[in-house]
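Observations on chain architecture
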Amino acid sequence: MQAVSIVGYKKSGKTTLTAKLADALEARGKRVAIAKFTHHGLDKEGTDTATFAGQNRTVIGLGPEEAAVFWGEKKYLIDLLPLVQADILLVEGGKDLTWLPRILCLNSASEAEDLDRGLALATYGDVAAPYLKSYREETLEKLAALVEERAFMLPGLDCGACDAEDCAAIARRIVKGKGSPADCKSVDDHGFHITVNGSPIGLNPFVARIVRSSIQGMLKELKGYSPGEVTITFKD
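Predicted model only: the values in this text are computed from it and were never measured. (Residues numbered from 1 in each chain as written. Predicted model: local features only at pLDDT ≥ 70, side-chain atom pairs only at ≥ 80, totals over all residues. Heavy atoms only, no water.)

This part covers unusual backbone geometry. Positioned with a positive phi, Lys 11 is a non-glycine residue whose angle comes to about 60°. Note that Lys 11 resides in the loop between strand E1 (2–8) and helix H1 (14–27). For Lys 11, a relative accessible area of 77% corresponds to the exposed category. (Helix = DSSP H or I, 4+ residues; strand = E, 2+ residues; numbered from the N terminus. Buried < 20%, exposed > 50% of the residue type's maximum accessible area, 1.4 Å probe, protein only.)

Taken together, the side chains of Ile 60, Leu 62, Val 69, Trp 71 and Leu 83 make up a nonpolar region of the molecular surface, amounting to roughly 530 Å² of accessible area. For Trp 71, the position within the fold is in the loop between strand E4 (67–70) and helix H3 (77–80). (Patch = residues over 30% accessible without salt bridge, like charges linked within 9 Å, V, L, I, M, F, W, Y side chains within 5 Å. Areas by Shrake-Rupley, 256 points an atom, 1.4 Å probe, with all protein chains shown as cover. Salt bridge = Lys/Arg side-chain N within 4 Å of Asp/Glu carboxyl O.)

Now for the layout of surface pockets. The computed volume of the largest pocket comes to approximately 1,700 Å³. Residue lining of the largest pocket: 41 residues in total, with Lys 36, Leu 42, Val 69, Trp 71 and Leu 80 positioned closest to the centre. When residues of the lining of the largest pocket are traced back to their parent elements, those giving at least two are strand E2 (32–36), strand E3 (59–62), E4 and H3. Residue composition of the lining of the largest pocket, by class: 22 nonpolar, nine polar and 10 charged. (1 Å grid on protein atoms, 1.4 Å probe; cavity = no way out; pocket = protein on both sides within 12 Å on 5 of 7 lines; lining within 4 Å. Points joined across faces, edges and corners; volume = space filled by probe spheres on them. Nonpolar A, V, L, I, M, F, W, Y, C, P; charged D, E, K, R; others polar.)

Moving on: the pairing of strand E6 (residues 102–105). Side-chain direction in a regular strand flips from residue to residue, so the side chains alternate between the two faces of the sheet. Of the two faces of E6, the one lined by Arg 102 and Leu 104 and the one lined by Ile 103 and Cys 105 are each fully buried. Direction of pairing for E6 relative to strand E7 (residues 120–124): parallel, over a ladder of four bridges. Across the sheet, residue Ile 103 finds its bridge partner in E7, namely Ala 122. (Pairing = 2+ DSSP bridges.)

Grouped together as the largest cluster of nonpolar side chains are 45 residues, with contacts concentrated most on Leu 17, Leu 21, Ile 103, Leu 143 and Leu 154. Mapped onto this core, the elements with two or more residues apiece are E1, H1, E2, strand E5 (88–92), E6, E7, helix H5 (140–150) and helix H6 (167–175). The biggest single contributor to this core is H6, with six residues. What Leu 21 contacts, discounting residues up to four positions off in sequence, is Ile 6, Leu 90, Leu 140, Leu 143, Ala 144 and Val 147. Grouped together as the second largest cluster of nonpolar side chains are eight residues, Val 7, Ala 120, Ala 129 and Leu 132 included. (Core = buried A, V, L, I, M, F, W, Y, C linked by side-chain atoms within 4.5 Å. Contact = heavy atoms within 4.5 Å.)

Attention now moves to the environment of Leu 157. Position of Leu 157 relative to the elements: it lies in the loop between H5 and H6. Between the alpha carbons of Leu 157 and Asn 204 there is a distance of 7.3 Å; along the sequence they are 47 residues apart. Not counting residues within four places of it along the chain, the set of residues in contact with Leu 157 comprises Cys 167, Ser 186, Gly 202, Leu 203 and Asn 204.

What follows covers the packing of H1 against H5. Where H1 contacts H5, the axes come no closer than 9 Å and their chain directions differ by 75°. Considering the angle they form, H1 stands roughly perpendicular to H5. On H5, the residues that touch Leu 17, Lys 20, Leu 21, Ala 24 and Leu 25 of H1 are Leu 140, Glu 141, Leu 143, Ala 144, Val 147 and Glu 148. The class makeup of the residues in the contact of H1 with H5 is eight nonpolar, no polar and three charged. (Axes fitted to C-alpha atoms, helices over the stretch in contact; angles between N-to-C directions. Parallel < 35°, antiparallel > 145°, perpendicular 65-115°, else oblique.)

Here we have six strands laid out as an open sheet, ordered E2-E5-E1-E6-E7-E8, and parallel in their pairing. Looking at strand neighbours, the two that pair on one side only are E2 and strand E8 (133–135), the edges of this open sheet. Sheet twist, expressed as the mean angle between neighbouring strand axes with direction ignored, is 25°. With five bridges connecting them, E2 and E5 associate as parallel partners. Across the sheet, residue Lys 36 finds its bridge partner in E5, namely Glu 92. With respect to the sheet, H5 is in contact with E1, E5, E6, E7 and E8, its orientation differing from that of E7 by roughly 165°.

This part takes up empty space enclosed by the protein. Tallying each qualifying case throughout the model produces two cavities of 30 Å³ or more. Approximately 80 Å³ is the volume found for the largest cavity. Around the largest cavity, the lining is made up of 15 residues, and of these Cys 159, Gly 160, Cys 162, Cys 167 and Ile 170 lie nearest the centre. For the lining of the largest cavity, the per-class residue count stands at nine nonpolar, two polar and four charged.

Our next topic: the side chain of Ser 12. Within the secondary structure layout, Ser 12 lies in the loop between E1 and H1. Classification of Ser 12 by relative accessible area gives buried; the value is 13%. Among the polar contacts listed, one links the side chain of Ser 12 to the backbone oxygen of Tyr 9, at a separation of 2.7 Å. Once residues lying within four places of it in the same chain are set aside, the contact partners of Ser 12 are Cys 105, Leu 106 and Asn 107. (Polar contact = N/O pair within 3.5 Å; in protein donor to acceptor, adjacent residues only side chain to side chain.)

Here is the structure:
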């Protein structure tokens, strides 16, 4: 799954761009998921969800055309991604997320340096940064094409398995065109990888070696086992 975040300060147009970009990408045949960061509580007031919800309690809502899960504790975006089935994830907000690129929505050009952090692909709206590509509503289709081409998502483990200091350093290289997501060693290291619903799960190489060795050890005791490519499929 590819991903890009839409960042900016209050009333900069993040929500408007996220909605329009989602429509444009879906028109290009992509499945889109949206994650929104908010400083306010999630809107459940006056619903049965609010009645059921409580600290340390998980509430699942099932409707005829939609479903939702509310946890009674803080969760991090990276931990929820295995539940998401999409081609492209648009994240509204999340200025502190350093494992994916971003589009900037600016109220003034002076905000660009603080919001960029070496991860910005472009700006959107009437205010632009001189060193970044700029898009407006009339060029939204071109922005959708840019996202489709250059969006990416790293596991965010900061495991130290590669030569980079952390995932943010790899992400900055990719944004600058000097690296690729394949530089990350936690997704497919030494021929071992795990996917959930088609999405790769990041594994610290040390953990990956333990899991791989454990599986190999068990399989070697089974009749019919021989070295080669092994496929194990199950539904949880």
